[in-house]
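Structural overview
Chain residues, written in single-letter form:
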Amino acid sequence: MLTLHYNPLTISAATAIVLEELEVPYTPILVDFSDVSQQSPAYLALNPKGRVPTLQTPQGVLTETGAILEYLAAQHGPHLIPEDPFQAARMRETMHYLASTVHVNYAHAMRGPRWADLESSWADMTAKAPHTMAASLAYLEGHLDFAPFAIGNSLTLADPWLFVLTGFATRLHIDIAQFPNLSAHQVMMHDRYAVRAARNKGMLA
Ligand SMILES: N[C@@H](CCC(=O)N[C@@H](CS)C(=O)NCC(=O)O)C(=O)O
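Structural notes, computed from the coordinates. Quick caveat: nothing in here was measured; it's all calculated off a predicted structure.

Let us now look at the pairing of strand 3 (residues 54–57). Pairing analysis gives 3 bridges linking strand 1 (residues 2–6) to strand 3, with the strands arranged antiparallel. What sits directly across from Thr3, in strand 3, is Gln56. Strand direction decides the pairing type here: strand 3 and strand 4 (residues 60–63), joined by 4 bridges, are antiparallel. By the bridge assignment, Thr57 is partnered in strand 4 with Gly60. Where strand 3 folds back on strand 4, the antiparallel hairpin that results is connected by 2 residues.

The following block contains the structure:
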């Protein structure tokens, strides 16, 4: 049995959607950020990074959305990775960009203390975040397939991740309507059974 430590406002929603997509049973455990449970000794013993998602598997603990999604696909759903090596690499190119750039852009809006000590620096980062986020979305808008999925004509691991991060952008008051491909992707994913299931279970806000 798998256990997913999650918070519905976070990137852990991408893992929940993939679990629902693959119909893999899992036990959800909420990590409550309002009382900073992600820094509790019990949680840090499980995931010393103090972040979500954390997936407990029969073999041990996994962190990092990319690693978790790859594990789930390998175990339960290889169809979520393109068979063609070049397309598979494009999927991973997208996933690396989402993790290393898009998500980090977003985090600058509210996690300034991670990178700087002066409050004035935090304000500057918060002000800049919508711009870097919009620039990332413009790149994705122009470079992904949207045929109708991010990579080709079937769902891959990149889609739930893209969906959740595009949702984050709206919290920075970015109007997604200016990106027609991303908007259509949002609508398509929003209506997907797995996304509705994750939302109904409270895994996705
Ligand atoms: N690279 C990680 C990032 C995980 C991450 O930063 N999660 C955020 C929520 S979106 C978190 O747990 N933040 C808690 C904190 O910073 O205290 C991944 O993609 O899984």
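We now examine the site of the ligand. Around the ligand, the surrounding shell holds 13 residues, and the nearest of these are Gln38, Val52, Glu64, Thr65 and Arg114. One of the backbone nitrogen or oxygen atoms of Val52 is found 2.8 Å away from an oxygen atom of the ligand. Between an oxygen atom of the ligand and a side-chain N or O atom of Arg111, the distance comes to 3.3 Å. Calculation on the ligand without its partners gives an accessible area of 520 Å², and the protein chains cover 87% of this total. Along the lines of polarity and charge, the residues of the shell around the ligand split into 4 nonpolar, 5 polar and 4 charged. Here the shell around the ligand gathers at least three residues from each of two domains, domain 1 (2–78 + 196–200) and domain 2 (80–192).

Attention now moves to helix 3 (residues 65–76). A turn of α-helix holds 3.6 residues, and therefore any two residues three or four places apart point the same way. For helix 3, which comprises 12 residues, the first-to-last C-alpha distance of 16 Å matches the rise-based estimate of 16 Å (1.5 Å per residue) to within 8%. Restricting attention to buried positions, one finds in helix 3 the residues Thr65, Gly66, Ile68, Leu69, Tyr71, Leu72 and Ala73.

This part takes up the side chain of Glu20. Residue placement: Glu20 occurs in helix 1 (residues 12–21). Relative accessible area serves as the criterion here: at 9%, Glu20 is assigned to the buried category. Contacts of Glu20, omitting those with residues within four sequence positions, involve Tyr26, Ala194, Ala197, Ala198 and Lys201.

Attention now moves to helix 4 (residues 85–107). For helix 4, built from 23 residues, the straight-helix expectation of 33 Å at 1.5 Å per residue is met to within 8% by its first-to-last C-alpha distance of 32 Å. Each element contacted by the buried residues of helix 4 is listed here: helix 3, helix 5 (119–143) and helix 6 (158–171). For helix 4, the capping residue at the N-terminal end is Asp84, with a side-chain oxygen 3.1 Å from the backbone nitrogen of Phe86.

Procedures and definitions
- Residues numbered from 1 in each chain as written.
- Predicted model: local features only at pLDDT ≥ 70, side-chain atom pairs only at ≥ 80, totals over all residues.
- Heavy atoms only, no water.
- Pairing = 2+ DSSP bridges.
- Helix = DSSP H or I, 4+ residues; strand = E, 2+ residues; numbered from the N terminus.
- Near = heavy atom within 4 Å.
- Polar contact = N/O pair within 3.5 Å; in protein donor to acceptor, adjacent residues only side chain to side chain.
- Areas by Shrake-Rupley, 256 points an atom, 1.4 Å probe, with all protein chains shown as cover.
- Nonpolar A, V, L, I, M, F, W, Y, C, P; charged D, E, K, R; others polar.
- Domains from an automatic or database assignment.
- Expected span 1.5 Å × (residues − 1).
- Buried < 20%, exposed > 50% of the residue type's maximum accessible area, 1.4 Å probe, protein only.
- Contact = heavy atoms within 4.5 Å.

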